[in-house]
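Examination of the molecular architecture
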Amino acid sequence: MALQRQHHYGTGRRKTAVARVRIRPGTGKIQINGRAFDNYFVLATDRERIVEPLRATRTLSSVDVYANCHGGGPSGQVGAMIMGLGRALMSANSELAGVLRDNKFLTRDSRMVERKKYGRHKARKRPQYSKR
């Protein structure tokens, strides 16, 4: 992979989570909010999903990833990390854009939580109906 600058950045968003991802040439170390990758995301499925963009572009052992995640929950942060990582990889090497786009690593998932409506318990849940 031809990296011209030292660092490449990408920002990803999912639900209310935001991930600012920075990559640089390295050995494959991943660090999130100053913590080791395995300590931050405890579920194996979340860790697998995050390294998918690196596997698809064959850069798993050639870049170090540093990320700051905030907002949302674990699944939202995973989605934000995937998008941010994809954008950072595309910033580093524009030839990877096709692979990243085909695997939907650059696509923003626009689904958000529906707002609560008045007269309802949640967005759609109604109060219990009483016939008598």
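Here, the structure is the one placed above.
These lines cover the structure that appears in this document, whether it is placed above or below. As the structure is a computational prediction, the values presented were derived from the model and not from experiment.

How each quantity is defined
- Residues numbered from 1 in each chain as written.
- Predicted model: local features only at pLDDT ≥ 70, side-chain atom pairs only at ≥ 80, totals over all residues.
- Heavy atoms only, no water.
- 1 Å grid on protein atoms, 1.4 Å probe; cavity = no way out; pocket = protein on both sides within 12 Å on 5 of 7 lines; lining within 4 Å.
- Points joined across faces, edges and corners; volume = space filled by probe spheres on them.
- Helix = DSSP H or I, 4+ residues; strand = E, 2+ residues; numbered from the N terminus.
- Expected span 1.5 Å × (residues − 1).
- Buried < 20%, exposed > 50% of the residue type's maximum accessible area, 1.4 Å probe, protein only.
- Pairing = 2+ DSSP bridges.
- Contact = heavy atoms within 4.5 Å.
- Polar contact = N/O pair within 3.5 Å; in protein donor to acceptor, adjacent residues only side chain to side chain.

For the largest pocket, the calculated volume is near 200 Å³. Lining the largest pocket are 13 residues; nearest its centre among them are Arg49, Gly79, Ile82, Lys104 and Thr107. Sort the elements by how many residues they give to the lining of the largest pocket and helix α3 (residues 74-92) lands first, with three residues.

Turn by turn, an α-helix covers 3.6 residues, leaving residues three or four places apart pointing in a common direction. For α3, with 19 residues, the first-to-last C-alpha span of 27 Å sits near the 27 Å given by 1.5 Å per residue. Within α3, 14 of the 19 residues are buried, which leaves it mostly tucked inside the rest of the structure.

Below, the discussion takes up the sheet that holds strand β4 (residues 35-36). Strand order in this open sheet of five strands is β1-β2-β5-β3-β4, and the pairing throughout is mixed. What marks the edges here is a single partner per strand, and that holds for β1 (8-14) and β4. Note that strand β3 (residues 30-32) and β4 share two bridges and pair antiparallel. Looking at the pairing, Gln31 lines up with Ala36 of β4.

A word on the environment of Thr57. Within the element layout of this structure, Thr57 appears in the loop between α2 (44-56) and β5 (63-70). A sequence separation of 41 residues divides Thr57 from Gly98, and the C-alpha atoms of the two residues are 10.0 Å apart. Once residues lying within four places of it in the same chain are set aside, the contact partners of Thr57 are Leu89, Leu96, Val99 and Leu100. Reaching out from Thr57, the side chain makes a polar contact with the side chain of Thr59 at a distance of 2.9 Å.

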